[in-house]
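Chain by chain, the residues run as shown.
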Amino acid sequence: MGDTIVILPTYNECENIEYILDGVLAGDERVEALVVDDSSPDGTADIVTKKYGDNPRVHIIVRKENRGRGYAGVAGFKWAAARDYVYVVEMDADGSHDPAYIGNIIKELESMDVVICSRLIPGGGEKGRGIVRRLITIAANLYLRTVLELDVKDCTTGYRGFRNDLIKTIPWDRVKASGPSVVQEVLYIASRKGATVTEIPFIFEERRAGASKLRFITLVSGLAEAVKIRKRHSDI
């Protein structure tokens, strides 16, 4: 077993999964990958099984019930918490998160509990997105920082690293966000627990191939979820 596991929640990423897994595996040999697939009808899980089935550094969970980005993320974190990894990295599998940053994340985790790949600090940014989408990102983060009282510039990025000692203390059965707002829920719990958090600059790139799963209604409901997250974990 390596000392780092990279969690990759997937749904219909057949065009991207090999590119991402090859990038993850090309780095430090102590880094392993866990694909958490929500029974993608495009055969994402089949690709992983056929190409990487004999690779001890690649693991896969195929979920059939309660599908959703939030539930998939929780399943991945629970799997990691049950094992002896030192570091846990979560990233998207659509090509927007370059695996080249994993080494930087691990380096920072040597002294921090949480490392966030941030688009909103000097050196960070976005490629392939228009001004409207960038303004939405800035506004959403301002709102989330205020509601959840987070001292983090980029609360919405799904590219983060955690020490597994912290992951093991999170009450995963109380994490209820089914969609992308699970990112804020986990960050909020970590913050309430007094975790040390730092941000490193990162360039977000629009997805490499395939259609985005993020819809406007999902974004709005995710912002509304912030109030529920605060109430749900106010006793931590």
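Keep in mind that this is a model prediction, so the values were computed, not measured.

**Student:** Help me out: how do you make sense of the nonpolar core in this one?
**Tutor:** What tends to happen in soluble globular proteins is that the nonpolar side chains get buried as a cluster. Ranked by internal contacts, the top residues of the largest apolar core, which has 37 residues, are Val114, Leu148, Ile167 and Trp172. Among the elements of the structure, β1 (4-10), β2 (31-37), α3 (69-81), β5 (114-118), α5 (131-148), α6 (164-167), α7 (182-192) and α8 (216-232) are those that each provide at least two residues to this core. The leading source of residues in this core is α7, at seven residues. Not counting the four nearest positions on each side in its chain, isoleucine 167 is found in contact with Phe77, Ala81, Val88, Phe162 and Trp172. Of all hydrophobic cores here, the second largest spans 29 residues; its members include Ile17, Val31, Val35 and Val48.

**Student:** Even after reading the chapter, I still don't get the pairing of strand β3 (residues 58-62), so can you show me in this structure?
**Tutor:** Strand residues, when the strand is regular, have side chains that alternate between the two faces of the sheet. In this structure, β2 lies alongside β3, joined through five bridges in parallel fashion. By the bridge assignment, valine 36 is partnered in β3 with isoleucine 61. A crossover connection joins β2 to the parallel β3 through helix α2 (residues 44-52); in handedness this β-α-β unit is right-handed.

**Student:** Is there a simple way to think about the pattern of salt bridges in this case?
**Tutor:** Side chains that differ in charge, positive against negative, can pair when their charged atoms come close. Applying the stated rule across the entire model yields 15 salt bridges. Measuring nitrogen to oxygen at the nearest pair gives 3.1 Å for the salt bridge that ties lysine 51 to glutamate 18. Of this pair, lysine 51 sits in helix α2 while glutamate 18 sits in helix α1 (residues 17-25), and the two are 33 residues apart along the sequence. Classification of glutamate 18 as partly exposed rests on a relative accessible area of 32%. In this structure, glutamate 126 and arginine 129 form a salt bridge, with 3.3 Å as the shortest nitrogen-oxygen distance. One exposure class covers both glutamate 126 and arginine 129, and it is buried. Because the salt bridges share partners, they merge into one network encompassing Arg119, Glu126, Arg129 and Asp154.

**Student:** Help me out: how do you make sense of a nonpolar patch on the surface in this one?
**Tutor:** Where nonpolar side chains cluster on the molecular surface, the patch consists of Ile131, Val132, Leu135, Ile136 and Ile138 and spans about 470 Å² of accessible area. Along the chain, leucine 135 turns up in helix α5.

**Student:** Just to check I follow, could you spell out the packing of aromatic side chains for this structure?
**Tutor:** Aromatic rings considered in pairs are described by the distance between their centres and by the relative angle of their planes. In this structure the tally under the stated criterion is seven aromatic pairs. Pairing phenylalanine 77 with phenylalanine 162 gives two aromatic rings, centres 5.5 Å apart and planes at 90°, and the pair type is edge-to-face. Of the two residues, phenylalanine 77 sits in helix α3 while phenylalanine 162 sits in strand β7 (residues 160-163), which places them 85 residues apart along the sequence. On the basis of relative accessible area, phenylalanine 77 is assigned to the buried category, the value being 2%. Over the ring of tryptophan 79 we find arginine 83; its NZ or CZ atom is 3.9 Å from the centre of that ring. Across the ring face of phenylalanine 204, the terminal group of arginine 119 is positioned such that the distance to the ring centre comes to 5.7 Å.

Parameters at a glance
- Residues numbered from 1 in each chain as written.
- Predicted model: local features only at pLDDT ≥ 70, side-chain atom pairs only at ≥ 80, totals over all residues.
- Heavy atoms only, no water.
- Core = buried A, V, L, I, M, F, W, Y, C linked by side-chain atoms within 4.5 Å.
- Buried < 20%, exposed > 50% of the residue type's maximum accessible area, 1.4 Å probe, protein only.
- Helix = DSSP H or I, 4+ residues; strand = E, 2+ residues; numbered from the N terminus.
- Contact = heavy atoms within 4.5 Å.
- Pairing = 2+ DSSP bridges.
- Right-handed = clockwise from strand over helix to strand, strands pointing away.
- Salt bridge = Lys/Arg side-chain N within 4 Å of Asp/Glu carboxyl O.
- Patch = residues over 30% accessible without salt bridge, like charges linked within 9 Å, V, L, I, M, F, W, Y side chains within 5 Å.
- Areas by Shrake-Rupley, 256 points an atom, 1.4 Å probe, with all protein chains shown as cover.
- Phe/Tyr/Trp six-rings, centres within 6.5 Å; stacked < 30°, edge-to-face > 60°.
- Lys NZ or Arg CZ within 6 Å of the ring centre and 35° of its normal.

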